[in-house]
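As a plain string of letters, each chain reads:
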Amino acid sequence: MDRSINDTMKDPSTEEMTRSVRPRELSDAEVKNQVIVVGGGLGGLATACTLAARGYAVVLCDKNSWTGGKAAVYEEEGFRFDMGPTILTIPAVLKRIFDEAGQPLETALDLVPLDPQWRSFFDDGTTLDLHADVQKMKAELDQFSPGSGAGEGYSRFMDLAKKLHKISDDFFFWKSIGGLKDMFDPKRSVTVSMLREVMRMRPGHSVAGTVRSYVPDSRAAQMLDHYTQYVGSCPESSPAVLCGIAHMQSNDGVWYPRGGTAAVPKALTKLALSLGVEIRTNTAIRQILVEDGRASGVLTADGETIRGGAVVTNSDSVRTHKELLDGRPRQKFLGRRNYEPACSGVVLYLGLNRRYDQLLHHNFVFSADPHKEFEAIYRQGEPAPDPTCYVCAPAATEPGVAPPGGESLYVLVHTPYLRPHHKWSEMLPAYRDRIIEKLKLTAGLEDIEEHIVVEHALTPQDIQDRYHVLDGAIYGLASHGRFLGAFKPANRSPDVEGLYLAGGSAHPGPGMPMVLMSGWIAGDCVDQDRIVEPIGSINQPACVAS
């Protein structure tokens, strides 16, 4: 039985859609004004749709035979697996992109709400469900940990999370941000009230410390820590402002797109094509061309030059500068800060001939000691001996993901980003067995190995090779640093005119909604800067969501 994903595993969900695209020929003037998007992940697709909806000529290039990047799908023997992200939150970001084109999101995607949002399994044998409604969750915690004050503490924590989210919405989201100074509109004077709001971001405080100051029960605190796992970072080292994620998830919900999360890039690809975007799959980029300090096109791996007036890169921001840019722009970017990769992971794709009733759609099977777990992953740079497992069991929501009565189980364990001594071809078998043992002991899947029909794995080395990311990092750049950890490279390059960044390693960071937002921001920056001109009719830009 194969246990490592190989090069033949690819996503068929968008391949057919892009194979025979033949856009109209552009005039010389239109070529000078076209925007080139490097990479067809969620961020690149969001950029392409936003710009095309506003009347720009867009050509999108991706080295793969499919679009969607990590949001790919794998099918075998009647089992269908989402290979990358599996949790969709904040659908308002997707809606905004479709609004750009005047298309209702509801006609493109069938979104199923999930509540409870996930189930937590703890080492002591207890379980705790996370509910969207704050008052219901408060009551759940009072019953789960009687006399501890966990329910009231959670309610106060969620009040804080709401305030932190509002600060992010007012100062951080929906615009290009690369540092603290970018949070303020230069056209407006910085007031005392503005500075007071920024101080409410709790600079100097960590996620883990903030959570525990409100919620005394260690198990509930461990559950709340894992909001930072959306960004692949250690809650003990991440800034407290990321606690705002808790409000976003509670307020906007957790959703499952029928067809899996791969349905999202499929819908975006369809939208892009309907808007006239030229999509070139199997087109790797060798270099971003820069003339007189301005992006002027790209050079493909096959030696073809594609000219344009602006370039948006959806590739990893650090690898973009190391591998696709030369000279001063590369030096300035790499010298600006220390770019620490976020964590990587091992994913097991397990096709089972049975289901487990104790599993919800989303589950966390927690380690016995989160501090030891984070110490191993983020400080020692080694796989945790007792890992937390995220388990997605989608068959109850969409039975078609598996043969009748079966389950397409997705198991993700966070690991360190790749170090030189990590040999995952040798490390995987023993670590796979450790993960399976964890599922047996803590989640009660005692007989799971007897029911595995299909099994594959994705290792940090596979992730690096397949997706060309920095050191196998799933989530781009780490959000470590209690003061400035939330900041990623800005969407508008300060080093090359006409160069823009989108994706999980650019502002506002990783996770499906943030990556989609980064693509919208990059497209909006191109439109604002007007170093290229639209060639078609322009839809009115969608208004900012409040």
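How each quantity is defined
- Residues numbered from 1 in each chain as written.
- Predicted model: local features only at pLDDT ≥ 70, side-chain atom pairs only at ≥ 80, totals over all residues.
- Heavy atoms only, no water.
- Helix = DSSP H or I, 4+ residues; strand = E, 2+ residues; numbered from the N terminus.
- Buried < 20%, exposed > 50% of the residue type's maximum accessible area, 1.4 Å probe, protein only.
- Contact = heavy atoms within 4.5 Å.
- Areas by Shrake-Rupley, 256 points an atom, 1.4 Å probe, with all protein chains shown as cover.
- Salt bridge = Lys/Arg side-chain N within 4 Å of Asp/Glu carboxyl O.
- Axes fitted to C-alpha atoms, helices over the stretch in contact; angles between N-to-C directions.
- Parallel < 35°, antiparallel > 145°, perpendicular 65-115°, else oblique.
- Left-handed = near helix turned anticlockwise from the far one by under 90°.
- Core = buried A, V, L, I, M, F, W, Y, C linked by side-chain atoms within 4.5 Å.
- Pairing = 2+ DSSP bridges.
- pLDDT = per-residue confidence, 0-100.
- Polar contact = N/O pair within 3.5 Å; in protein donor to acceptor, adjacent residues only side chain to side chain.
- Expected span 1.5 Å × (residues − 1).
- Phe/Tyr/Trp six-rings, centres within 6.5 Å; stacked < 30°, edge-to-face > 60°.
- 1 Å grid on protein atoms, 1.4 Å probe; cavity = no way out; pocket = protein on both sides within 12 Å on 5 of 7 lines; lining within 4 Å.
- Points joined across faces, edges and corners; volume = space filled by probe spheres on them.
- Nonpolar A, V, L, I, M, F, W, Y, C, P; charged D, E, K, R; others polar.

Time to look at the overall build of the protein. When helices and strands are counted, the protein shows 18 helices and 20 strands. Counting all 546 residues of the protein, 62% fall into the buried class. Residue pairs at least 24 apart in sequence account for 73% of intrachain contacts in the protein once pairs closer than 6 positions are excluded. Element-wise, carbon and sulfur atoms account for 49% of the exposed surface of the protein, whose accessible area totals about 21200 Å².

Our next topic: the pattern of salt bridges. Counted according to the given criterion, the structure contains 32 salt bridges. For arginine 80, the salt bridge is made with glutamate 398, and the minimal N-O distance between the two is 3.0 Å. Taken together, the positions of arginine 80 in strand β4 (residues 79-82) and glutamate 398 in the loop between β17 (389-392) and β18 (407-415) put the pair 318 residues apart, joining distant regions of the chain. Each member of the pair arginine 80 and glutamate 398 is classed as buried. Among the charged side chains, a network of salt bridges with common partners joins Arg54, Glu100, Asp524, Asp527, Arg530 and Glu533.

Axis separation between helix α4 (residues 91-100) and helix α12 (residues 263-274) bottoms out at 11 Å; the angle between their running directions is 15 degrees. Here α4 lies roughly parallel to α12, going by the angle between them. Where α4 crosses over α12, the handedness of that crossing is left-handed. Across the interface between the two elements, Leu94, Ile97 and Phe98 of α4 pack against Val264, Ala267, Leu268 and Leu271 of α12.

This next bit is on the nonpolar core. Among the nonpolar cores identified, the biggest contains 148 residues, and Leu94, Met223, Leu268, Leu350, Leu409, Val411 and Ile448 are the most heavily contacted of them. Top contributing element to this core by residue count: helix α18 (residues 512-529), with ten residues. Apart from residues no more than four positions distant in its own chain, methionine 223 is found in contact with Trp118, Ser120, Phe122, Leu128, Leu130, Met137 and Phe366. Counting 16 residues, the second largest nonpolar core, distinct from the first, contains Val38, Cys61, Leu499 and Ala506.

It is worth spelling out the sheet that holds strand β11 (residues 285-291) at this point. Sheet strands pair via backbone hydrogen bonds, and the direction of the pair is either parallel or antiparallel. Taken in spatial order, the three strands of this open sheet run β11-β12-β13, and their pairing is antiparallel. Either end of the sheet is taken by a strand with one partner, and the two such strands are β11 and β13 (305-307). Between one strand and the next, the sheet's axes are offset by a mean angle of 30 degrees, whatever the strand orientation. Examined bridge by bridge, strand β12 (residues 294-300) and β13 share three bridges and lie antiparallel to one another. Bridged to glycine 297 within β13 is arginine 307.

Summarising the model, the protein shows a mean pLDDT of 89, and 88% of its residues fall at 70 or more. pLDDT under 50 marks residues 542-546. Its contacts with residues more than four places away, or in other chains, come to eleven contacts.

This part covers the environment of arginine 530. Along the chain, arginine 530 falls in the segment after α18. Between the alpha carbons of arginine 530 and alanine 310 there is a distance of 9.7 Å; along the sequence they are 220 residues apart. Side chain to side chain, arginine 530 and tyrosine 56 meet in a polar contact 2.8 Å long. Here aspartate 527 takes part through its backbone oxygen, which lies 3.3 Å from a polar atom of the side chain of arginine 530.

What follows is about α12. Counted at 1.5 Å a residue, the expected span for α12 with its twelve residues is 16 Å, and the 16 Å between its end C-alpha atoms agrees. Among the residues of α12, those classed as buried are Ala263, Val264, Pro265, Ala267, Leu268, Thr269, Leu271 and Ala272. Immediately beyond the C-terminal end of α12, within one or two residues, lies glycine 276, with a positive phi of roughly 95 degrees.

With that settled, consider the packing of aromatic side chains. Centre distance and the angle of the planes are the two values used to describe a pair of aromatic rings. Overall, the coordinates contain 15 aromatic pairs when judged by the stated rule. Seen from their ring centres, tryptophan 118 and phenylalanine 364 are 4.8 Å apart, and the 75 degrees between their planes marks the pair as edge-to-face. Linking tryptophan 118 in strand β7 (residues 118-121) with phenylalanine 364 in strand β16 (residues 362-365), this pair joins segments that are 246 residues apart in sequence. On the basis of an interplanar angle of 65 degrees and a centroid distance of 6.2 Å, the ring pair of phenylalanine 157 and tyrosine 214 is categorised as edge-to-face.

Strand order across the open sheet formed by three strands is β5-β9-β6, with antiparallel pairing between neighbours. Edge positions in the open sheet fall to β5 (88-89) and β6 (111-114), since each of these has one partner strand only. Here β5 runs beside strand β9 (residues 254-257); their pairing, made up of two bridges, is antiparallel. Bridge pairing in β9 links leucine 88 to tryptophan 255.

Attention now moves to helix α17 (residues 460-467). Every α-helix carries 3.6 residues per turn, so stepping three or four residues along brings you back to the same face. Across the eight residues of α17, six count as buried, placing the element largely inside the fold. Listed in full, the buried residues belonging to α17 are Pro460, Asp462, Ile463, Gln464, Arg466 and Tyr467. Buried residues belonging to α17 abut α13 (317-324), β15 (344-352), β18, α16 (424-443) and β19 (452-458). One or two positions beyond α17, positive phi appears at histidine 468, with a value near 55 degrees.

Our next topic: empty space enclosed by the protein. Scanning the model with the defined rule gives three cavities of 30 Å³ or more in all. Along the walls of the largest cavity sit Arg80, Phe81, Asp82, Thr86, Tyr256, His361, Cys392, Pro394, Val401, Ser408 and Tyr410, which together make up its complete lining. Counting only elements with at least two residues in the lining of the largest cavity, the list comes to β4 and β18. With three residues, β4 is the single largest residue contributor to the lining of the largest cavity. Here the residues of the lining of the largest cavity sort into six nonpolar, three polar and two charged. Around the second largest cavity, the lining residues are Glu340, Pro341, Ala342, Cys343, Ile377, Tyr378, Thr415, Pro416, Tyr417, Arg419, Ala478 and His480. Of the residues belonging to the lining of the second largest cavity, the class tally is eight nonpolar, two polar and two charged.

Another aspect to go through is the pairing of strand β14 (residues 310-313). Burial along β14 is two-sided: Ala310 and Val312 facing one way and Val311 and Thr313 facing the other are all buried. Sheet topology note: the strand β1 (residues 35-38)/β14 ladder contains four bridges and is parallel. Each bridged residue has a counterpart across the sheet, and for valine 38 the counterpart in β14 is threonine 313. Bridge count between β14 and strand β20 (residues 499-501): three bridges; the pairing is parallel. If you follow valine 312 over to β20, its bridge partner there is tyrosine 500.

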